Structure formats: C-alpha cells, structure tokens
Amino acid sequence: MFLKWIGVENDPYQRMQDKFTWARGLAEDIKGCRPGHLRHYADIDAVRDCCAIIDELAPNDNEIQLMKRGYGGFLGTGLDAMLREFKIDGVVITGVMAECCVEDTARQAYQLHYPAVVITDGVATYDPRATETMLDVVDKNFGWVAESHAVIDWLKDVAV
C-alpha cells in the first residue's frame with residue numbers, strides 16, 4: 001500500500017511554519033504536496049505534480065493508494081481496516097521525513113499491534129542525524145530496523 005501526505009489550500013499546518021521548518025513548504029507560494037500543482041524538478045529536468053512520487057517508486061495502477069493529512073500512516077487513512085481485511089499482520093515502512101512520518105507510522109503500528117520493520121536505506125529526511133535518532137528510537141521501542149537486502153532475504157525465506 002502506498003501512502004502520501006497531501007497539502008490543501010490554506011493548510012492549517014502553515015500556521016506552525018515558524019516552529020516546524022517542514023511546514024514552510026505548505027505555504028501558498030510553495031504549495032508543497034498540493035495535488036495538481038506543477039513544479040519543475042532540476043534533477044530530472046521535467047515538470048511533475050508536486051504531490052507525485054518519482055517514476056522509479058511510483059505505485060502501479062493496481063496498488064492501493066491512501067492519502068494522509070498527518071504524520072502517521074494509520075490515523076484517518078483506513079490503513080488499519082485494509083490490513084485487517086487482507087489479513088496482513090505486519091508492516092514494512094519506508095518514506096521521507098523520517099523523524100516525523102516514518103517514526104509516527106512505526107509508533108502507530110506498534111500501538112495497533114502490528115510488528116513493524118523500518119528499512120534503514122529506504123528512509124530519509126533533511127537532517128541525517130534526525131534519521132539516525134529515529135532509527136534508534138524505533139529499534140529500542142517500536143519495532144525493528146534493517147537494510148532492504150536483509151528484509152528481502154527474510155521475506156523470501158518466509159514466503160508461502
């Protein structure tokens with residue numbers, strides 16, 4: 001399942017931009033994570049919807065996509081109900097804004113009794129120190145952390 005944060009016009013999180021540096025990206029002149037807002041990206045020399053994911057990671061048409069308005073992947077998204085419906089009893093977490101979104105998703109998974117693994121080479125944020133701290137917090141309190149190759153090998157071993 002693919003989760004993504006979306007921004008909205010007059011986003012209430014904007015009022016916190018003096019406290020949380022990430023919130024500045026939601027301002028009306030930037031429109032970060034606002035579906036339908038096009039932006040040129042120099043690294044690919046192309047224009048994309050600023051809410052889009054890079055081509056290499058884009059979900060397939062048949063993959064479930066959920067929008068979220070908070071840090072965690074569970075609160076207000078229907079993710080818990082879908083996991084239960086499909087009888088999925090654990091989660092593998094990747095993402096950006098590691099110390100916010102990834103960590104909160106791991107915390108929510110723990111609180112809902114889902115074993116969670118955070119992929120160490122599949123998370124990022126503006127500050128590498130924050131990523132390292134998040135990984136330590138998750139490993140000590142909410143789940144496991146591992147590199148992608150180790151999780152792939154483990155999943156191959158337990159595949160039915």
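Located above this text is the structure these notes cover.
Now for a look at the structure at hand. (Residues numbered from 1 in each chain as written. Predicted model: local features only at pLDDT ≥ 70, side-chain atom pairs only at ≥ 80, totals over all residues. Heavy atoms only, no water.)

Moving on, we come to the environment of E132. Considering the arrangement of structural elements, one finds E132 in helix α3 (residues 128-141). Measuring from C-alpha to C-alpha, the distance between E132 and T120 comes to 8.9 Å, with 12 residues separating the pair along the chain. (Helix = DSSP H or I, 4+ residues; strand = E, 2+ residues; numbered from the N terminus.)

On to the nonpolar core, then. Core analysis: the biggest nonpolar cluster contains 17 residues, and F74, V91, I93, V102, V118, V123 and M134 have the highest contact counts within it. With 4 residues, helix α2 (residues 98-111) is the single largest residue contributor to this core. Residues in contact with V118, not counting those within four places in the same chain, are I93, V102, A106, V123, M134, L135, V138, W144, V145 and A146. W5, A23, M97 and C100 belong to the second largest nonpolar core, which has 6 residues in total. (Core = buried A, V, L, I, M, F, W, Y, C linked by side-chain atoms within 4.5 Å. Buried < 20%, exposed > 50% of the residue type's maximum accessible area, 1.4 Å probe, protein only. Contact = heavy atoms within 4.5 Å.)

Now for the pairing of strand β6 (residues 116-124). In terms of strand pairing, strand β5 (residues 91-96) meets β6 through 5 bridges, oriented parallel. Following the sheet pairing, G95 is matched in β6 by V123. Traced from β5 through α2 to β6, the parallel crossover comes out right-handed. Relative to strand β7 (residues 144-146), β6 runs parallel, the two sharing 3 bridges. Note on β7: the bridge partner recorded for V118 is V145. (Pairing = 2+ DSSP bridges. Right-handed = clockwise from strand over helix to strand, strands pointing away.)

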